Each structure stands twice: as C-alpha cells, then as structure tokens.
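Coordinate inspection notes
These are the residues of each chain, in order.
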Amino acid sequence: MGIILATVNQKGGVGKTTTAINLAAYLATYGKKILLIDSDPQGNATSGLGQNHLDLEKCLYDVLIDNEDASNVIRRTSIVGLDLLPTSPRLAGAEVELVNEPERETRLKAALAPIKDNYDFIIIDCPPSLNLLTVNALTAADEVLIPIQCEYYALEGLSQLNNTLDLVKQSLNPSLKIRAIVLTMYNTRTLLSDQVAEEARKHFGGKVLKTVIPRNIRLAEAPSFGQPILFYDPSSSGATAYESITRELLEADQLVSVEE
Ligand code: ATP
Ligand code: MG
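Residues numbered from 1 in each chain as written. Chains lettered and ligands numbered in written order. Predicted model: local features only at pLDDT ≥ 70, side-chain atom pairs only at ≥ 80, totals over all residues. Heavy atoms only, no water.

**Examining the layout of surface pockets**
Condition: Detection works on a 1 Å grid of protein atoms alone, calling trapped sets that fit a 1.4 Å probe cavities and calling open sets with protein on both sides within 12 Å along at least five of seven lines pockets, with lining residues defined by an atom within 4 Å of a point. Grid points are joined across faces, edges and corners, and a volume is the space filled by probe spheres set on the points. Elements are defined by DSSP. Helices are runs of H or I of four residues or more, strands are runs of E of two residues or more, and each kind is numbered from the N terminus. When residue character is reported, Ala, Val, Leu, Ile, Met, Phe, Trp, Tyr, Cys and Pro are called nonpolar, Asp, Glu, Lys and Arg charged, and the others, Gly included, polar.
Of the voids in this model, the largest pocket is the one considered here, and its volume is about 510 Å³. Taken together, 30 residues line the largest pocket, and the ones lying closest to its centre are Gly15, Thr17, Thr18, Met185 and Leu219. If you list the elements that add at least two residues to the lining of the largest pocket, you get helix H1 (16–29), helix H2 (44–48) and helix H9 (217–221). Tallying contributions element by element places H1 first for the lining of the largest pocket, with 5 residues. Classifying every residue of the lining of the largest pocket by side-chain character gives 15 nonpolar, 12 polar and 3 charged. Around the second largest pocket sit 15 residues that line it, and Asn67, Glu68, Arg107, Ala110 and Ala111 are the ones nearest its centre. Within the residue set of the lining of the second largest pocket, elements represented by two or more residues are helix H3 (60–66) and helix H5 (107–112). Top element by residues in the lining of the second largest pocket is H5. It accounts for 3 residues.

**What to know about the pattern of salt bridges**
The line we're drawing: By convention in these notes, a salt bridge is any Lys or Arg side-chain nitrogen within 4 Å of a carboxyl oxygen on Asp or Glu.
By the definition in use, this model includes 11 salt bridges. When the shortest N-O distance is used, the salt bridge between glutamate 101 and arginine 107 registers 3.6 Å. Ionic pairing is found between lysine 202 and glutamate 199, a salt bridge with its closest N-O pair at 3.8 Å. One end of the pair, lysine 202, and the other, glutamate 199, are both in helix H8 (residues 191–204), 3 residues apart, so they sit about a helical turn from each other.

**Topic: the site of ligand 1**
The condition that has to hold: In this text, near means that some heavy atom of the residue lies within 4 Å of the molecule or strand in question. Any N or O atom pair separated by 3.5 Å or less is treated as a polar contact, with the protein-specific requirement of one donor-capable and one acceptor-capable atom, and with residues adjacent in sequence counted only for side-chain atom pairs.
Taken together, 18 residues sit near ligand 1, with Lys16, Thr17, Thr18, Pro214 and Asn216 positioned nearest. Here valine 14 contributes a backbone N or O atom positioned 2.9 Å from an oxygen atom of ligand 1. Contact distances for ligand 1 include 2.5 Å between an oxygen atom and a side-chain N or O atom of threonine 18. At the level of elements, H1 and H9 are the ones that each hand at least two residues to the shell around ligand 1. Here the shell around ligand 1 gets 3 residues from one element, more than from any other, and that element is H1. Residues of the shell around ligand 1, tallied by class, amount to 7 nonpolar, 7 polar and 4 charged.

**A closer look at the environment of leucine 219**
Note the following rule: For the exposure calls, accessible area comes from a 1.4 Å probe over protein chains only, and a residue counts as buried if that area is under 20% of its type's maximum, exposed if over 50%, partly exposed in between. A contact between two residues is defined here by any heavy atoms of the two lying within 4.5 Å.
Assignment of secondary structure puts leucine 219 in helix H9. With a relative accessible area of 9%, leucine 219 lands in the buried category. Taking the C-alpha atoms as reference points, leucine 219 and alanine 239, 20 residues apart in sequence, are found 7.7 Å from one another. Excluding its chain neighbours within four sequence positions, the residues that come into contact with leucine 219 are Thr18, Asn22, Ile213, Pro214, Ile229, Gly238 and Tyr242.

**Some thoughts on the side chain of threonine 134**
Its location among the elements puts threonine 134 in helix H6 (residues 132–140). Polar side-chain contacts of threonine 134 include one of 2.7 Å to the backbone oxygen of serine 129. Aside from chain neighbours lying at most four places away, what touches threonine 134 is Val8, Cys126, Pro127 and Ser129.

Purely geometric numbers; function is a separate question.
So this is what it looks like as structure tokens:
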C-alpha cells in the first residue's frame, strides 16, 4: 500500500524541493515505485527533474480543477521507477479557483485514490505557503516531512505550521502524522547550525532524523542540469547525506533491511 508523504514548511527556501527530489530519486534506486507530485506553481520539482514546464500540455492544475485523471498527466522520468506529476505556472490559478470549488480541500486526495496503490511512496512537494494547495496536500498525505534550515529564525513559524497540521487533523485527515524533521543546509563551520540543530532536537526529539544535510554547492547546482544529486554528483557530501536520509526512513519502516 502506498504511503503519501508531503514535504511541507511555509517558510521559503528551506530545502523542501531538494529533499523531495533527492529522496524520491534514492527511493527509486532502492527498487521502490515512486511518484513525485509538484504542488508548487514555481515548478521547481518539475524543472529539477529535467522537465520543461512550458512544454507541458497537462499538469496538476488540470487534475485539481478540471477533474483530469492523474494517470493522464503523470510522466515517466529518466530515473527508473520514478514518475512525476508535473506542474506549470498555471497552477497559481488553482490557488484562487479552488476557493469556489466544491470539496476544495479534498480534490488531490480524491485524484490520488485510484493510483495510490500503484506506488510504494507518493511524495508531494508543497509551496512555501499554508494555502489551499498545501491543505490539499496535507489532506491527501499520510505523513509529513518537515525540512528545517539550520539558520537564524529556522524555528520561527513552526508553531503556525503545527496549528495548520492540527486543524487539518481535526477536520479533514485525523490520521495525519509528522513522519520526520530533516535538518538542511547545515554549516559545519558555524556555531549557529549546531544551536539550531540542538533546539530542533529539544523540540521534536526522536522525530529529527540523525542525518543532517550539509550545505553543499553540488546540491544547489544539480537542478539547473535537471538532475537529482545521485546523477549529478553521487560522491558529493550532499548525495551521501540524502542517501543516508533515505535509508533512515526505510529502516524505520523496516521496508528493507539495508546492509551496512
Ligand atoms: P521554496 O520555498 O521556494 O519552494 P524550498 O523550501 O523548496 O524553496 P529548495 O528549493 O529545495 O527550498 O532550496 C532553496 C535553494 O537552496 C535552492 O536554490 C537549492 O538549490 C538550494 N539548496 C537546497 N538545499 C541545499 C543544500 N543542502 N546546500 C546548498 N544549497 C541548497
Ligand atoms: Mg520548493
């Protein structure tokens, strides 16, 4: 049965998309069947996998607003086992149009119901906002993955995110869980990164993954080549860290036994 995981944090630029793309790609290399859904009109997950959103005939907008079957919009990617439900800037219109739609919070959930079991994991990359697109993702999801950037103000806004998660749990998705917190852009040379990491572990305890993602230029370069880090530079520190995050998540699920 497929697990739906949303990368969420209304703060911009914290590593949601980088985490979604690279986790999806590594999970696929472990033989899992993965669907990555780009639910951000910026389209960074779409372009980060080498798809040009200007070429797209159909995208998530058509699924959410025009009831297009998700299976007609999903495309294969260059990574075996990894499919993409892409987006385009048109999705920005959906944010507004959804307001007047019936069942506006549950449209993504309904669209995924017929395909959920075709995948081991469906990863939804959320926009930097707590808007209706994010609410749709949280309503469809089983679990959320929260990236936290190891910088000033990192923990600010998390109480607002928590409130949103609670509201969604109360009214739309009672079994929604925080799966894990991922510490991103960790800078080994600053005390600040350590302080943020310590603070996050105090707050969230064992939910914080042991592996931290270092600040690594190769991770920032990879999207402009339309490649996940495992193709762009598999021996970089960023690649090693995302592979390790993937193993942590899989081992916690005991979905595979990974040999050390
Ligand atoms: P948004 O809120 O705009 O959707 P986001 O939370 O999805 O942003 P990303 O797009 O993943 O964040 O990352 C923000 C920027 O930082 C991008 O340019 C990305 O390439 C870069 N980046 C992400 N993670 C790292 C890292 N560990 N080291 C260096 N650069 C990184
Ligand atoms: Mg993003």
